[in-house]
Amino acid sequence: MTENGRPGTAVVTGASSGIGAEYARRLAGHGWDLVLVARRAQRLAELAAGLRERAGTAVETVEADLAEPADLDRVAERVAAEDVALLVNNAGINGYGPFAEVDAALLTKVVDVNVVAPTVLTRAAVPAMLARGRGAVINVASLLAFAGSLPPGVLPHRAVYGGTKGYVVTFTRTLAAELAGTPVRVQVVCPGLTATEFHLGTGETPVRGERRVHDEGGMPAADVVTASLAALATGEVVCVPGLEDADAVERLAAAELALRQAAGTAAAPRYRAAEVPDL
Ligand SMILES: NC(=O)c1ccc[n+]([C@@H]2O[C@H](COP(=O)([O-])OP(=O)(O)OC[C@H]3O[C@@H](n4cnc5c(N)ncnc54)[C@H](OP(=O)(O)O)[C@@H]3O)[C@@H](O)[C@H]2O)c1
């Protein structure tokens, strides 16, 4: 809480729809002032007006394309400001499609929005939070971060998307370990299929028209946000909203430890006799 008894300002990227809009509504309901970021200014303006009226919070909107360096700099400057106590890096695009066929420029954009932007914004936020002695960063990843061994089929073609979300998971977990013992908390939330606009396009351009959700089912965005905020309160670093067996995260850490124990000084026997293969 700040001196005026209010929780402070939260910056939410990708607040014009889906999970981000839900974070905005929920945080406003708990007295947070907001900075809402996305490309669709009209959507942000409508959401902001409703929140100001219903929740009585201060809401700024920032029209920005996080794949554009100048826009990202502008958002980073706002994130670094004194009043920001929570950053939600939620904006994301999928760029789905067979790897050899997807437009290479779109894949670059997926990396810019899903990896570069959260990294730059977290770097902007954390020093001021450490200096003030309070703050949190929530990064939205995906269960597809853990789907590297699965072929497409039911799942989409997603090599780059899955890779970016894997980055978000490892980045956040590693940063959480680095910041342990400080008052700054970081969390990665890994939703499964969620009922939003996400699957209505690849994300290269915003989804136009009325608010819709894809017709593939999925968890309500509200449940994802409920889980994320509950996990923030308990200090869970990896939040998987649909996961009942919370020990699965511990087992992931144990499997990683087994791999890391292989950091020996010589290659394992099965590699030693290998020939250079004909390709
Ligand atoms: N829906 C799912 O099944 C699912 C599952 C796992 C994880 N996720 C993750 O959840 C997060 C939120 O997605 P969602 O499901 O809520 O989908 P969504 O409804 O499509 O929302 C995505 C948000 O990101 C913003 N955004 C996209 N590109 C942007 C850019 N270049 N600059 C600024 N903002 C940008 C969009 O706003 P504008 O278009 O107005 O810019 C929108 O507000 C994403 O990180 C996604 O990867 C979703």
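Residues numbered from 1 in each chain as written. Predicted model: local features only at pLDDT ≥ 70, side-chain atom pairs only at ≥ 80, totals over all residues.

## Observations regarding the pairing of strand 4 (residues 84–89)
Part 1: Taking burial as the measure, the six residues of strand 4 include six buried ones, the bulk of the element.
Part 2: Strand direction decides the pairing type here: strand 1 (residues 9–13) and strand 4, joined by four bridges, are parallel. When the bridges of strand 4 are listed, valine 12 appears paired with valine 88.
Part 3: Pairing between strand 4 and strand 5 (residues 135–140): four bridges, direction parallel. If you follow asparagine 89 over to strand 5, its bridge partner there is asparagine 139. (Buried ≥ 20, exposed ≤ 12 C-beta atoms within 10 Å, placed from the backbone. Helix = DSSP H or I, 4+ residues; strand = E, 2+ residues; numbered from the N terminus. Pairing = 2+ DSSP bridges.)

## Regarding the site of the ligand
Part 1: Contacts to the ligand come from 32 residues, most closely from Gly14, Gly18, Arg39, Gly92 and Pro206.
Part 2: Counting residues per element, the shell around the ligand draws most heavily on helix 1 (residues 18–29), which supplies three residues.
Part 3: In terms of residue class, the shell around the ligand is made up of 14 nonpolar, 13 polar and five charged. (Near = placed C-beta within 6 Å. Nonpolar A, V, L, I, M, F, W, Y, C, P; charged D, E, K, R; others polar.)

## Digging into the nonpolar core
Part 1: If you look at the biggest cluster of nonpolar residues, it comprises 68 residues, and the most contacted ones within it are Val12, Ala24, Leu34 and Leu36.
Part 2: No other element matches helix 4 (residues 104–132), which puts eight residues into this core.
Part 3: Among all residues touching alanine 24, those that are not within four sequence positions of it are Val12, Ala15, Leu34, Leu36, Leu47 and Leu51. (Core = buried A, V, L, I, M, F, W, Y, C linked by C-beta atoms within 7 Å. Contact = placed C-beta atoms within 7 Å.)

## Here's the deal with the pairing of strand 1
The side chains of a regular strand alternate, first on one face of the sheet and then on the other.
Part 1: Of all five residues in strand 1, five are buried; the element is thus mostly enclosed.
Part 2: Side chains of strand 1 alternate between two faces, with Thr9, Val11 and Thr13 and Ala10 and Val12 buried alike.
Part 3: Alignment of strand 1 against strand 2 (residues 33–38), held across five bridges, turns out to be parallel. Opposite threonine 9, over in strand 2, you have aspartate 33 as the bridge partner.
Part 4: Following the chain from strand 1 across helix 1 to the adjacent parallel strand 2, one finds a crossover that is right-handed. (Right-handed = clockwise from strand over helix to strand, strands pointing away.)

## Focus: helix 2 (residues 41–55)
Part 1: Across its 15 residues, helix 2 extends 20 Å between first and last C-alpha, which sits within 8% of the 21 Å expected from 1.5 Å per residue.
Part 2: Turning to helix 2, its buried residues number three or more, namely Leu44, Leu47, Ala48, Leu51 and Ala55. Burial along helix 2 is one-sided: seen end-on, the buried residues are contained in an arc of 100°. The exposed set on the far side of helix 2, more than 90 degrees from its buried face, consists of Gln42, Ala49 and Glu53.
Part 3: Along its buried surface, helix 2 packs onto helix 1, strand 2 and strand 3 (59–63).
Part 4: Just beyond helix 2, the residue with positive phi is glycine 56, at close to 70°. (Expected span 1.5 Å × (residues − 1). Arc of directions from axis to C-beta.)

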